[in-house]
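Here is how the chains run, residue by residue.
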Amino acid sequence: VQINTTNLPILDDVVDVIKGELASLDLWLQLALEYYRQGKIEEIEALLCESTEKDFEDKYQHDKTKLLLLKTTLADYFTMLAKYERDINKKKEYEDKAQQLYTVADSAAAAVPGYGFLIMMNSKNDLALKRFKTILETQPGDALALIGKGCALYNLGQTEEALSCYGTALYNTGGTIPSIRVGIGYCFYKLNNFEFAQKAFERALELDPYN
């Protein structure tokens, strides 16, 4: 199945085609990413929510790993919505949806960094730190887990340890993720190294002017 991602068709048409052809789950993930890049937020949710339907799960039982990845991607999406939502009730709704999906991943013994960020949003930094450490035991180079660990350590007042963690994340990713530079900037600022903090923030803005 080939879809023109430059000019994406109406979502319903896309879903009909890729479901009918039993397209690979890699294509589902690719489309979700493309909708995100094009700022089509409602389409992302609708597309990824297909993975929670029973008939969808039945059709893709042969690829449980990718099916789980679709669900955790949806959970990450709900976590992002919760982070920026100001309405308390909607925020709680997004958090509950994310937690339900992350729990599915946990039951499949597939700990994911996103759950740690969701936990941290509720100021449970100790629990979040445990989760990030658990992931890093088996996946020491996981960028999101390293960022999460650094953030949790910072929130717990362990600034130097957080800086070291962000430094590892920076090295592993080649310095291309702006949020790592932001974390480093906060650490340097808290350590009263204002010159290095400013440099870190400036570099983050070079990578993403809207950060």
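Here is a short report on the structure shown in this document. (Residues numbered from 1 in each chain as written. Predicted model: local features only at pLDDT ≥ 70, side-chain atom pairs only at ≥ 80, totals over all residues. Heavy atoms only, no water.)

**As for the overall build of the chain**
Move 1: For the chain, the count of helices and strands is 12 helices and 0 strands.
Move 2: Of the regular secondary structure in the chain, the N- to C-terminal order runs α-α-α-α-α-α-α-α-α-α-α-α.
Move 3: Rg of the C-alpha trace for the chain: 19 Å, near the compact-globule value of 17 Å for 211 residues, within the 12% margin.
Move 4: When its C-alpha atoms are laid out on the principal axes, the chain stretches across 60 × 35 × 35 Å.
Move 5: By residue count, 40% of the 211 residues in the chain fall in the buried class.
Move 6: Here the analysis covers contacts within the chain between residues at least 6 apart in sequence; of these, 49% occur between residues at least 24 apart.
Move 7: In the form shown here, the chain has an accessible surface area of approximately 12300 Å², with 51% of it arising from carbon and sulfur atoms.
Move 8: If you average the places of the 23 positive and of the 31 negative side-chain charges in the chain, the two averages end up 5 Å apart. (Helix = DSSP H or I, 4+ residues; strand = E, 2+ residues; numbered from the N terminus. Rg over C-alpha atoms; globule rule 2.2 N^0.38 Å. Buried < 20%, exposed > 50% of the residue type's maximum accessible area, 1.4 Å probe, protein only. Contact = heavy atoms within 4.5 Å. Areas by Shrake-Rupley, 256 points an atom, 1.4 Å probe, with all protein chains shown as cover. Lys, Arg positive; Asp, Glu negative; His and termini not counted. Charge placed at Lys NZ, Arg CZ, Asp CG, Glu CD.)

**A look at the nonpolar core**
Move 1: One finds I18, W28, L47, F78 and I184 to be the most contacted residues of the largest nonpolar core, which totals 57 residues.
Move 2: With 8 residues, the top contributor of residues to this core is helix 5 (residues 64–84).
Move 3: With sequence-adjacent residues up to four places away left out, F78 is seen in contact with E45, Y94, K97, A98 and L101. (Core = buried A, V, L, I, M, F, W, Y, C linked by side-chain atoms within 4.5 Å.)

**Looking at the environment of Y154**
Move 1: Residue position: Y154 is located in helix 9 (residues 143–155).
Move 2: In the structure, Y154 is positioned 55 residues away from P209 in sequence and 24 Å away in space, judged by C-alpha atoms.
Move 3: Apart from residues no more than four positions distant in its own chain, Y154 is found in contact with T159, A162, Y186, C187 and K190.

**A few points about the packing of helix 1 (residues 11–20) against helix 3 (residues 41–49)**
Move 1: The interhelical angle for the contact between helix 1 and helix 3, taken along N-to-C directions, is 25 degrees, at an axis separation of 11 Å. The orientation of helix 1 relative to helix 3 falls into the category roughly parallel. For the pair helix 1 and helix 3, the sense of crossing is right-handed. Contacts from L11, V15 and I18 of helix 1 reach helix 3 at E43, A46 and L47.
Move 2: Counted by class, the contact of helix 1 with helix 3 contains 5 nonpolar, no polar and 1 charged residues. (Axes fitted to C-alpha atoms, helices over the stretch in contact; angles between N-to-C directions. Parallel < 35°, antiparallel > 145°, perpendicular 65-115°, else oblique. Left-handed = near helix turned anticlockwise from the far one by under 90°. Nonpolar A, V, L, I, M, F, W, Y, C, P; charged D, E, K, R; others polar.)

**A word on the pattern of salt bridges**
Any two side chains of opposite charge can pair, given that their charged atoms come close.
Move 1: Throughout the structure, instances matching the rule amount to 8 salt bridges.
Move 2: Between E93 and K97 there is a salt bridge, with its nearest N and O atoms 3.4 Å apart. With E93 and K97 both in helix 6 (residues 88–107) and 4 residues apart, this pair spans about one turn of that helix.
Move 3: The partner of R203 in a salt bridge is E206, with the nearest N and O atoms 3.1 Å apart. (Salt bridge = Lys/Arg side-chain N within 4 Å of Asp/Glu carboxyl O.)

**Details of helix 12 (residues 194–207)**
Move 1: Between its first and last C-alpha, helix 12 extends 20 Å over 14 residues, near the 20 Å set by a 1.5 Å rise per residue.
Move 2: In this structure, the buried residues of helix 12 make contact with helix 11 (178–190). (Expected span 1.5 Å × (residues − 1).)

**Things to note about the packing of aromatic side chains**
Any aromatic ring pair is given by two values, namely how distant the centres are and how the planes are angled relative to each other.
Move 1: A full pass over the atoms with the stated rule returns 10 aromatic pairs.
Move 2: A centroid spacing of 6.2 Å and a plane angle of 50 degrees characterise the contact between Y154 and Y186, whose relative ring orientation is tilted. Residue Y154 is located in helix 9, and its partner Y186 is located in helix 11; the two are separated by 32 residues in the primary sequence.
Move 3: Taken together, the ring pairs in this structure connect W28, F56 and Y60 into an aromatic cluster. (Phe/Tyr/Trp six-rings, centres within 6.5 Å; stacked < 30°, edge-to-face > 60°.)

**Topic: the packing of helix 2 (residues 25–37) against helix 5**
Move 1: At a closest axis distance of 9 Å, the pairing of helix 2 and helix 5 adopts a crossing angle of 20 degrees. Accordingly, the angle class assigned to the pair helix 2 and helix 5 is roughly parallel. By crossing handedness, the relation of helix 2 to helix 5 is classed as left-handed. Along the contact surface, helix 2 presents L25, D26, W28, L29 and Y36, while helix 5 presents K66, L67, L69, L70, T73 and M80.
Move 2: Partitioned by chemical class, the residues of the contact of helix 2 with helix 5 number 8 nonpolar, 1 polar and 2 charged.

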